[in-house]
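What the coordinates show
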Amino acid sequence: LNFLPYFLFSMPVILTARLPFFWDTLQLASRHAHFFYETGFSSLFLPDNMDSGHIPAFGMFLALMWMIFGKTMLVSHLSMLPFVLGAVYFSGRVVRVLINDRHPWFWTILLLGDAAIVTQFTLVSPDVWLLFFFSMAICGFFENRRLLLTIAVAGLTLTSMRGMMITAALFMSGWITSIISQRKEHFFAVSWDYIKKSFPVYLVPFLLAAGYLGMHYLRKGWIGYHEDMPWAVHFQRVDFRGFLRNGLVLAWRLVDNGRLFTWILGILMIIRIFKFKIKINSDLKKILILLSVVLVILSYSALSYRNLSGHRYLIPVFYLVTLTVIGLLQVLKQEKCKLLIAAFLLAGLVSGHFWVYPDRISKGWDAMLAYLPYQLLRTEMIRYIDRENIPFQEVGTDFPNNIPLKFIELSEDTRSLGSIEQGISNFRYIFYSNVFNGFSDDELDNLFGKWKVVKQLDRGQIKVILFKNPDSSVP
C-alpha cells in the first residue's frame, strides 16, 4: 500500500498526457519554451511580451526536453512525472516525521488530495516544480538536513518569484522557531547564531535571485513587472476598498474547492485541544509557524494588487493547512475514529473538483478537474469552424483560447482566434465557454439575449457555444 500514492498521483499525468496546454501554462510553459527552443538558448532573457519577471528555468527545462525527446504534448506532460513522484516521496517523508502511524500512505494521499494540487498534475505547470521543491524543503526543514534544504530553496528560487517569496518564508520561519525554542536566551545572540548557521543554506538562492534580477534590471530597467506588460492590469495597486475586496476573495480561495471542510475540522480540533489542554508536539508547532509566515507573505500580493489571488498561487498554503490538520488529528486516540474523519475529509477535498459556480462568477479552472471536458469540446468546435470554412479572424474568443494554435497544441498551425478585448460587436462569431472568465455581465446578456446560437456542445459541467452576430453589416 505504500506504493498506492505513487500510482494514484501518476495517473493524472499519464491519463492527460496528450492534452493541449491550458490556462497560465500557455505563457509560463509553452511560450517560454518555444522562445528558447526556436532561438537555441541564444538569450537568458525573454522578450517583454512574454517576460513575467521570473527566472525562466522552467521554460528552459521544457525546451531542453523537446530538443532531446521531441516537441510533443506527450513529452511535455511526461517531463512532469518525475517531479510529481518526487512530491509524493517527500510528502510521505514529511508525514512520517509528523506522525507515528501505521498508514502513512493514506495520510500522504490526503496531504496531496487538494483539488488545486491534483489539477496542476494534469498540466505542464511550474507549480508542479514549486510543490516538488516545497515538499523537499519542508522535509529538509524538519529532518534538519541542510544539504537537502539548500537544494530545495535553490529550486524554489529558480521556479518563480513566488518560489523566492517561499524561500524567504522558510528562512523567517526557522528564525522565529529558534527564537521561540530558546526564549530564555538573549534575542540578538540567538538571532545571530541562526543567521550564521543558515548562511550556507540560503547563500545559493540569494545569489541566484540577486544575480538574475540584477542583470535583468540592468538590461530591461524593471523587476517583477512593468506598465507595458500584456497582463499589467493585474499588477495595479488597489485602494482601501479594493484591499477589503481582495481580503474577501482571498478568504473565498482558502475555503473553495472542498477546503471548507479542512478549515472546519481544523478549527474543531483546535477547540478540542484548548478545551482539554492537550499538548502538541514541537513539529506541529513548527508547521503552524511556517503556515502563518507563508500565508502572510503570499497574502501580500493577493491583497495589494488587482488580480493576483489565483488558486494556484496559494498551493503552499493549501498544502500546509492540510498538513496542520493531519497533525491535529493525531491527538485523537481512537484509530478507527481518526481514519474515518480523515476519509470524510478526503471525500470533501475530492468534491472540490465539482464546485462550479454560475457563469457570471469567475472560477479557478486550473484548480479543479471539472475543466477537462473543455479540452475535447474546444477541439471539436475548432473542427466545426474549419468544416464550415469560417475564417479565424472572424471569430472572437477569450483567454486561454485566443492564443495561436501553435502554442496551445504544439502544432505547425499559427492561426489564432480573435480576442474579445477588441469588442464582441466587431466579430461575426463569438466562441464562448463557461471556462472563460473574461466576458463581462453586459457581454453575456448581449450574447445570450440577442446573438444566434450556431453550435453548442456540452459535456459534464462544461459548455462551448459558437454565437453568430445578429448585425449582418459586420464584415
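The structure reproduced in this document is the subject of the present report. (Residues numbered from 1 in each chain as written. Predicted model: local features only at pLDDT ≥ 70, side-chain atom pairs only at ≥ 80, totals over all residues. Heavy atoms only, no water.)

**Observations regarding the overall build of the chain**
In terms of helices and strands, the chain carries 19 helices and five strands. Here the C-alpha radius of gyration of the chain, 24 Å, is about what a compact globule of 475 residues would show, namely 23 Å. Along the first, second and third principal axes, the C-alpha atoms of the chain reach 80 × 55 × 50 Å. Accessible area of the chain: about 21800 Å², with a carbon and sulfur share of 63%. When the 45 basic and 33 acidic side-chain charges of the chain are each reduced to a single mean position, those positions are 11 Å apart. (Helix = DSSP H or I, 4+ residues; strand = E, 2+ residues; numbered from the N terminus. Rg over C-alpha atoms; globule rule 2.2 N^0.38 Å. Areas by Shrake-Rupley, 256 points an atom, 1.4 Å probe, with all protein chains shown as cover. Lys, Arg positive; Asp, Glu negative; His and termini not counted. Charge placed at Lys NZ, Arg CZ, Asp CG, Glu CD.)

**Quick word on the side chain of S191**
Within the secondary structure layout, S191 lies in helix α11 (residues 187–220). A relative accessible area of 8% places S191 in the buried class. Within the structure, the side chain of S191 is placed 2.9 Å from the side chain of W175, a separation counted as a polar contact. (Buried < 20%, exposed > 50% of the residue type's maximum accessible area, 1.4 Å probe, protein only. Polar contact = N/O pair within 3.5 Å; in protein donor to acceptor, adjacent residues only side chain to side chain.)

**Quick word on the pattern of salt bridges**
Pairing between side chains of opposite charge can happen when the charged atoms of each approach one another. Going through the model one piece at a time under the given rule, you end up with 18 salt bridges. A salt bridge links K220 to D48; the shortest N-O distance between them is 3.0 Å. Here the residue K220 occupies a position in helix α11, and D48 occupies one in the loop between α2 (25–39) and α3 (57–69), the gap between them amounting to 172 residues. For D48, a relative accessible area of 36% corresponds to the partly exposed category. Across the pair K220 and D51 runs a salt bridge whose closest N-O atoms are separated by 2.9 Å. With K220 in helix α11 and D51 in the loop between α2 and α3, this pair connects stretches of sequence that are 169 residues apart. Note on K220: relative accessible area 21%, which makes it partly exposed. Its relative accessible area of 0% is what places D51 among the buried residues. (Salt bridge = Lys/Arg side-chain N within 4 Å of Asp/Glu carboxyl O.)

**Digging into the sheet that holds strand β1 (residues 395–397)**
The five strands are arranged β2-β1-β3-β5-β4 in an open sheet whose pairing can be described as mixed. Of all the strands in the sheet, the pair left with one neighbour each is β2 (418–419) and β4 (452–459). Strand direction decides the pairing type here: strand β3 (residues 429–433) and strand β5 (residues 462–468), joined by five bridges, are antiparallel. The residue of β5 that forms the bridge with S433 is V464. Each of β1, β3, β4 and β5 is contacted by helix α17 (residues 372–387), which is oriented at about 25 degrees to β5, the strand it contacts most. (Pairing = 2+ DSSP bridges. Contact = heavy atoms within 4.5 Å. Axes fitted to C-alpha atoms, helices over the stretch in contact; angles between N-to-C directions.)

**A closer look at the pairing of β5**
Summarising burial for β5: five of the seven residues are buried, a large majority. The pairing of β4 with β5 spans seven bridges and is classified as antiparallel. The partner of D458 across the bridge, within β5, is K463. Taken together, β4 and the strand that follows it, β5, pair antiparallel across an intervening segment of two residues, in which G460 is found at a positive phi of about 60 degrees.

**What to know about the packing of aromatic side chains**
Two descriptors summarise a pair of aromatic rings, namely the distance from one centre to the other and the angle between the planes of the rings. Within the structure shown, the criterion is met by 36 aromatic pairs. Residues F83 and W129 carry aromatic rings whose centres are separated by 5.6 Å and whose planes lie at 50 degrees to one another, so their mutual orientation is tilted. Taken together, the positions of F83 in helix α5 (residues 81–98) and W129 in helix α8 (residues 126–143) put the pair 46 residues apart, joining distant regions of the chain. Judged by its relative accessible area of 14%, F83 falls in the buried class. Looking at W129, the relative accessible area reads 8%, which means it is buried. One aromatic cluster is present, built from ring pairs that chain together F58, F61, F83, Y89, F90, W129, F132 and F133. Between R31 and the ring centre of F407, over which it is positioned, the NZ or CZ distance is 5.5 Å. Seen from the ring of W252, R253 lies directly overhead, with NZ or CZ sitting 5.1 Å from the centre. (Phe/Tyr/Trp six-rings, centres within 6.5 Å; stacked < 30°, edge-to-face > 60°. Lys NZ or Arg CZ within 6 Å of the ring centre and 35° of its normal.)

**Examining the nonpolar core**
As a rule of thumb, nonpolar side chains are buried together in soluble globular proteins. F21 and W107 are the most contacted members of the largest nonpolar core, which has 111 residues in total. For this core, the leading source of residues is α8, giving 13 residues. Setting aside chain neighbours within four positions, we find W107 in contact with V95, I99, D101, I326, L329, Q330, K338, L339 and A342. (Core = buried A, V, L, I, M, F, W, Y, C linked by side-chain atoms within 4.5 Å.)

**Looking at the packing of α8 against helix α10 (residues 161–181)**
At their nearest, the axes of α8 and α10 sit 11 Å apart, and the two run at 15 degrees to each other. Classified by the angle their axes make, α8 and α10 are roughly parallel. Seen from above, α8 lies across α10 with right-handed handedness. From α8, D127, L130, F134, A137 and F141 reach across to α10, where they touch R162, G163, I166, L170, S173, G174 and T177. Within the contact of α8 with α10, the residues separate by chemical class into six nonpolar, four polar and two charged. (Parallel < 35°, antiparallel > 145°, perpendicular 65-115°, else oblique. Left-handed = near helix turned anticlockwise from the far one by under 90°. Nonpolar A, V, L, I, M, F, W, Y, C, P; charged D, E, K, R; others polar.)

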